[in-house]
Amino acid sequence: MRYGFFEATANGFAPLPFAASAWSPKMLNGPAICGLMARALERQHCSEGFTPARLTVDLFRPTLNKPVTVVTELVREGRRILVADAALMQDGEDMARATAIFLKRSQQPPGSLWTRARDPEPPSVPVATGPTAPLWGSDAHADGWSSSMGEHQNDSRKRMWQVPMRVVEGETPSGFVGAVVIGESTSLMTNWGSAGIGFINTDMTLALARTPVGLEIGVEADNHISADGIAVGSATLFDRSGSFGTCVVTALSNAERQVDFSDDSVLRARVGI
């Protein structure tokens, strides 16, 4: 089994089985799309001394499960800030777009600041060095964490821990790209309830104070707000050293395609693995 979303080819990037969406095997999933654009933006526009600080992705068209290309453009190159755009394309059309901000690293200012009272805690598992299946967590689960999604289909706070999938087969993702892949799961963490997930996100905005330490990354839901078929979700990203960023998504009701995770085999069948 190849643990990547895409294979690099002379004509772009060809999807592999793990890139299929849980909503439909004819579509690509959000982590694959966002991760591929983040990879291109970082490789082509993040100068020495700068760090990825924010990525916003607009998922305005269903991206089909077929080859894609990514085109980027430098928008602003300043002394302390770089801004770049990317477009993910199929058959000459933009399917998704992204904007990244890279900031110059510098000294911390003096003084104490308020912050989140409790950092999310990683599961008690050995340090992993390669792609792993996700561990799922929820407040209502007796043991906190397990490998079964079905055990966490409830209405309590959700979290996930994983060494992210490779965006391009044969490449170890950077910390930024890994954070984007895991961060896109904010939609799942904040919109997954007792009947599965019925909201599909139309965007994501990831903001990072730093990139993760090591390959393992977690995401824990902070809030879900919804009304009239529109939802907003926010989550905290963390590693073994603590919290390092936050992610926000907006989503639309997709109740006619509600995905029920109570039986783990349903998801595996839908993505073809």
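Residues numbered from 1 in each chain as written. Predicted model: local features only at pLDDT ≥ 70, side-chain atom pairs only at ≥ 80, totals over all residues. Heavy atoms only, no water.

Asks: What should I look at first to understand the sheet that holds strand E1 (residues 4-9) in this one?
Replies: In sheet architecture, strand pairing relies on hydrogen bonds along the backbone and comes in two forms, parallel and antiparallel. If you trace the three strands from one edge of the open sheet to the other, you get E2-E1-E10, paired in mixed fashion. The sheet is open, and its two borders are formed by strand E2 (12-15) and strand E10 (166-168), each paired with just one other strand. Ignoring strand direction, the axes of neighbouring strands in this sheet form an average angle of 30°. By the bridge criterion, two bridges tie E1 to E10 in an arrangement that is parallel. The residue bridging Phe6 from the neighbouring strand is Val168, located in E10. The strands touched by helix H1 (residues 30-45) within the sheet are E1, E2 and E10, with E10 carrying the most contacts at an inclination of about 65°. (Pairing = 2+ DSSP bridges. Helix = DSSP H or I, 4+ residues; strand = E, 2+ residues; numbered from the N terminus. Axes fitted to C-alpha atoms, helices over the stretch in contact; angles between N-to-C directions. Contact = heavy atoms within 4.5 Å.)

Asks: How should the pattern of salt bridges be read in this particular structure?
Replies: Any two side chains of opposite charge can pair, on the condition that their charged atoms come close. Under the criterion given, the structure shown has 14 salt bridges. Arg39 serves as the salt-bridge partner of Glu171, at 2.9 Å between the closest nitrogen and oxygen. On the criterion of sequence distance, the pair formed by Glu171 in the loop between E10 and helix H2 (175-183) and Arg39 in helix H1 is long-range, its members being 132 residues apart. Residue Arg43 pairs with Glu171 through a salt bridge whose shortest N-O separation is 3.2 Å. Here Arg43, found in helix H1, pairs with Glu171, found in the loop between E10 and H2; they are 128 residues apart in sequence, far enough to count as distant. (Salt bridge = Lys/Arg side-chain N within 4 Å of Asp/Glu carboxyl O.)

Asks: How should I be thinking about the pairing of strand E9 (residues 158-162) in this particular structure?
Replies: As a general feature of sheets, a regular strand has side chains that alternate between the two faces. Most of E9 is tucked away, with five of its five residues classed as buried. Where burial is concerned, the two faces of E9 agree: the one with Lys158, Met160 and Gln162 and the one with Arg159 and Trp161 are both buried. Alignment of strand E7 (residues 135-138) against E9, held across four bridges, turns out to be antiparallel. By the bridge assignment for E9, Leu135 is matched with Trp161. (Buried < 20%, exposed > 50% of the residue type's maximum accessible area, 1.4 Å probe, protein only.)

Asks: Explain a nonpolar patch on the surface to me, please; I cannot follow it from the model alone.
Replies: Nonpolar side chains collect at one region of the surface, where Ile225, Val232 and Val248 lie side by side and expose about 230 Å² of accessible area between them. Among the secondary structure elements, Ile225 is positioned in strand E15 (residues 217-227). (Patch = residues over 30% accessible without salt bridge, like charges linked within 9 Å, V, L, I, M, F, W, Y side chains within 5 Å. Areas by Shrake-Rupley, 256 points an atom, 1.4 Å probe, with all protein chains shown as cover.)

Asks: Please clarify how the packing of H1 against H2 should be interpreted in this entry.
Replies: Between two packed helices, the angle of one axis relative to the other and the distance separating the axes together describe the packing. It is the contact of H1 with H2, at a shortest axis distance of 8 Å, that shows an interaxial angle of 160°. Considering their axes alone, H1 and H2 lie roughly antiparallel with respect to each other. In this structure, H1 crosses over H2, and the sense of that crossing is right-handed. Side by side, H1 and H2 meet where Pro31, Cys34, Gly35, Ala38, Arg39 and Glu42 of the first sit next to Phe176, Val177, Val180 and Val181 of the second. Residue composition of the contact of H1 with H2, by class: seven nonpolar, one polar and two charged. (Parallel < 35°, antiparallel > 145°, perpendicular 65-115°, else oblique. Left-handed = near helix turned anticlockwise from the far one by under 90°. Nonpolar A, V, L, I, M, F, W, Y, C, P; charged D, E, K, R; others polar.)

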